[in-house]
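Here are the chains, one letter per residue:
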Amino acid sequence: MDRMKRGLGVFLAGAVLTGALAGCESKPAADDVTYQLTGIARDAVLLKVDGQPVTAEEYFFQLGQDIGYMEQLGALSGEDAWEQEISDGKTLSQYVKEDALQLVKYYSVIESKAKEYGVTVTDEQKSELDTQFEQLEESLKEQGGTLQMAVDAQGISQDGFRSFMEQSSYLVQNLYEKLSEEGGPLVPTDEDMDAYLEEEGIYRVKHILLSTRHENEDGTYTAFSEAEEAQVKAEADALTAEIRAASDPQALFDEKMNARSDDGRDADGNLYSPDGYTATPGQMVQEFETAALALDVGEISDPVKSEFGYHIILRLDADTDETRASYPQYRFSQLTEEWMQDVQVELTDAYESIDPKDYYTKLTAHAQEIQAQVEANQQATASPAPTGSAAPEPTASPAPSASAQP
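Counting of residues starts from 1 at the beginning of each chain's written sequence and follows it residue by residue. It should be noted that, the model being predicted, local features are given only for residues of pLDDT at least 70 and side-chain atom pairs only at 80 or more, the latter also being counted only at that level, while totals for whole chains, interfaces and linings use all residues. Where side-chain values are given, they derive from all heavy atoms of the structure, hydrogens and water being excluded.

### Structural notes on the sheet that holds strand E10 (residues 309–316)
Point 1. By the convention used here, strands pair only if DSSP detects at least 2 bridges between them. Helix and strand assignments follow DSSP, with helices taken as H or I runs no shorter than four residues and strands as E runs no shorter than two, numbered in order from the N terminus. The strand order E8-E5-E10-E9 describes an open sheet built from 4 strands, whose pairing is antiparallel. Each having just a single partner strand, strand E8 (277–279) and strand E9 (304–306) make up the two edges of the open sheet. With strand direction ignored, the average angle separating the axes of adjacent strands in the sheet is 45°.
Point 2. Bridge count between E9 and E10: 3 bridges; the pairing is antiparallel. What sits directly across from Val 304, in E10, is His 311. Angles shown run from 0 to 180 degrees and are taken between the N-to-C directions of axes, each axis being a line fitted to C-alpha atoms and, for helices, limited to the stretch in contact.

Okay, structure coming up:
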């Protein structure tokens, strides 16, 4: 339900529409808001992705959402906003047009791959979506509107919005789960994990921190004197030598770490991270990261000085249950990028003629008309009954409770 409300928003939220574009042969339906705003019937083919048609309704909806998001970021402020370069030398107008194209391309690829792997939206998921639409209809009714008014304000039909919800909420997830099954491309081999960890720069370490600063009552810190710091350095050197000389260096490292480290501890005095840290580039202070990455797995560093003190670092194997759990999303992202690079996109003249600014202006005006009707409905509902007559009983169903939201 929350996802649907975000998709529709308040009637004006994310609203962005259209420029009149002629030359379409499809005969538009009376309720075809895409045609009303663009001059192109909603079922007209605006482009093809590997021969799979993408309709005008699908593209313009994504374009509207994309521009609405940019407006929320403040990118539309100023008279020349549309011609301002915002990314890779592209103007705002060029950027949103291309970004919307990438979005419809993405969903076309997902749909194609879902068919290839025998993945569909289940009957249970369709029923769940029915329930969400019913609840949304009731909620909008109480606000003086209807679901039809809400989707009209976004430049899409109810069927079109439902199709989008099935794709974005269910089909992508179902495909992801299918590919995550045993033997699927999202289940990593040891070699896959090695490549993943190296490419992402993921590493795992434990450390013993010997602080070189005093904590003040106000939460600030004061650096040790040179003499105090020298004592800490001597302790760190001796501790490192003792650990390296042990018959089981890693076991002694853990013992010393738990007993001596000045790293963060809870109220009972236990270290917050006794199993170490899994980190990515830039997450740790530079001195620490440089020293950690220079170590082999199982190797212990010399004392490393940072603003916090001296660190004795033990490099650990980063191939863990935690990092394996993050691999599928990484690989799925890679796969979708590969799939999108492989497809052929055919654009029509109608697509080439789209003016995002004109589209946005018309969609906004259309959404404002709908909002005005909503406000009129709210005022009519709130108006007191004529003198001498009883106020009518409300007929709308109460809004679902928070616990009833899916």
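On we go.
### Some details on the packing of aromatic side chains
Point 1. In this analysis, rings of Phe, Tyr and Trp, with Trp reduced to its six-membered ring, are considered paired at centre separations within 6.5 Å, and the interplanar angle assigns stacked below 30 degrees, edge-to-face beyond 60, and tilted for intermediate values. What the rule picks out here adds up to 15 aromatic pairs.
Point 2. Centre to centre, the rings of Phe 61 and Phe 164 are 5.1 Å apart; their planes meet at 65°, and the pair counts as edge-to-face. Here Phe 61, found in helix H3 (residues 56–72), pairs with Phe 164, found in helix H7 (residues 158–179); they are 103 residues apart in sequence, far enough to count as distant.
Point 3. For every residue, the accessible area obtained with a 1.4 Å probe (protein chains only) is divided by the maximum for its type, and the residue is called buried under 20%, exposed over 50%, and partly exposed between those limits. On the basis of relative accessible area, Phe 61 is assigned to the buried category, the value being 2%.
Point 4. Under the relative-accessibility criterion, Phe 164 is labelled buried at 18%.
Point 5. Judged by centre distance (6.4 Å) and plane angle (90°), the rings of Phe 332 and Trp 339 are edge-to-face.
Point 6. Ring-over charges, as used throughout, are those where CZ of Arg or NZ of Lys falls within 6 Å of the ring centre and within 35 degrees of the ring normal. Between the NZ or CZ atom of Arg 213 and the centre of the ring of Tyr 221, over which it lies, the distance is 3.7 Å.

### Structural notes on the sheet that holds strand E1 (residues 45–49)
Point 1. Taking strand neighbours across the sheet as the criterion, the 3 strands line up as E2-E1-E11 in an open arrangement whose pairing is antiparallel. Every other strand in the sheet has two partners, leaving strand E2 (52–55) and strand E11 (345–347) as the edge strands with one partner each. On average, each strand axis in the sheet is inclined to that of its neighbour by 25°, with strand direction left out of account.

### Some thoughts on the confidence of the model for the protein chain
Point 1. Considering every residue of the protein chain, the mean pLDDT works out to 89; 87% of them sit at 70 or more.
Point 2. Contacts for the low-pLDDT stretch residues 1–26, under 50 throughout, to residues beyond four places or in other chains number 103 contacts.
Point 3. Contacts of residues 388–406 to residues separated by more than four positions or lying in other chains number 17 contacts, the stretch itself having pLDDT below 50. Summary of the metric used: pLDDT quantifies the predictor's per-residue confidence within the range 0 to 100. Residue contacts follow a heavy-atom distance rule, with two residues in contact if any of their heavy atoms lie within 4.5 Å.

### A word on unusual backbone geometry
Point 1. A positive phi angle, near 50°, is found at Asp 50, a position not held by glycine.
Point 2. Structurally, the position occupied by Asp 50 is in the loop between E1 and E2.
Point 3. The phi dihedral of Asp 88 falls on the positive side, at around 50°, and the residue is not glycine.
Point 4. Its location among the elements puts Asp 88 in the loop between strand E3 (85–87) and strand E4 (90–91).

### So, helix H14 (residues 356–382)
Point 1. Here H14 contains 27 residues, and its C-alpha end-to-end distance of 38 Å stays within 8% of the 39 Å for a straight helix at 1.5 Å per residue.
Point 2. What H14 keeps buried is the set Pro 356, Tyr 359, Tyr 360, Leu 363, Thr 364, His 366, Ala 367, Ile 370, Gln 371 and Val 374.
Point 3. Check the buried side of H14 and you find it contacts helix H2 (33–38), H3, helix H4 (92–116) and helix H6 (147–153).
Point 4. Each polar contact in these results corresponds to two N or O atoms within 3.5 Å; when the atoms are within protein, one needs to be able to donate a hydrogen and the other to accept it, and residues that are neighboring in sequence are counted only if both atoms are side-chain atoms. Taking the backbone nitrogen of Lys 357 as reference, a side-chain oxygen 3.1 Å away marks Asp 355 as the first, capping residue of H14. Multiply 1.5 Å by the residue count of a helix minus one, and that product is the helix's expected span.

### Looking at the pattern of salt bridges
Point 1. The term salt bridge refers to a side-chain nitrogen of Lys or Arg lying within 4 Å of a carboxyl oxygen of Asp or Glu. Applying the stated criterion to the full structure yields 17 salt bridges.
Point 2. The shortest N-O distance in the salt bridge between Arg 42 and Asp 31 comes to 3.1 Å. Of this pair, Arg 42 sits in the loop between H2 and E1 while Asp 31 sits in the loop between helix H1 (2–8) and H2, and the two are 11 residues apart along the sequence.
Point 3. Judged by its relative accessible area of 44%, Asp 31 falls in the partly exposed class.
Point 4. A salt bridge links Lys 362 to Asp 358; the shortest N-O distance between them is 3.7 Å. Of this pair, Lys 362 and Asp 358 both sit in helix H14, separated by 4 residues, roughly a single helical turn.
Point 5. By relative accessible area, which is 31% here, Lys 362 ends up partly exposed.
Point 6. Several salt bridges converge on common partners, so that one network encompasses Asp 130, Arg 162 and Glu 166.

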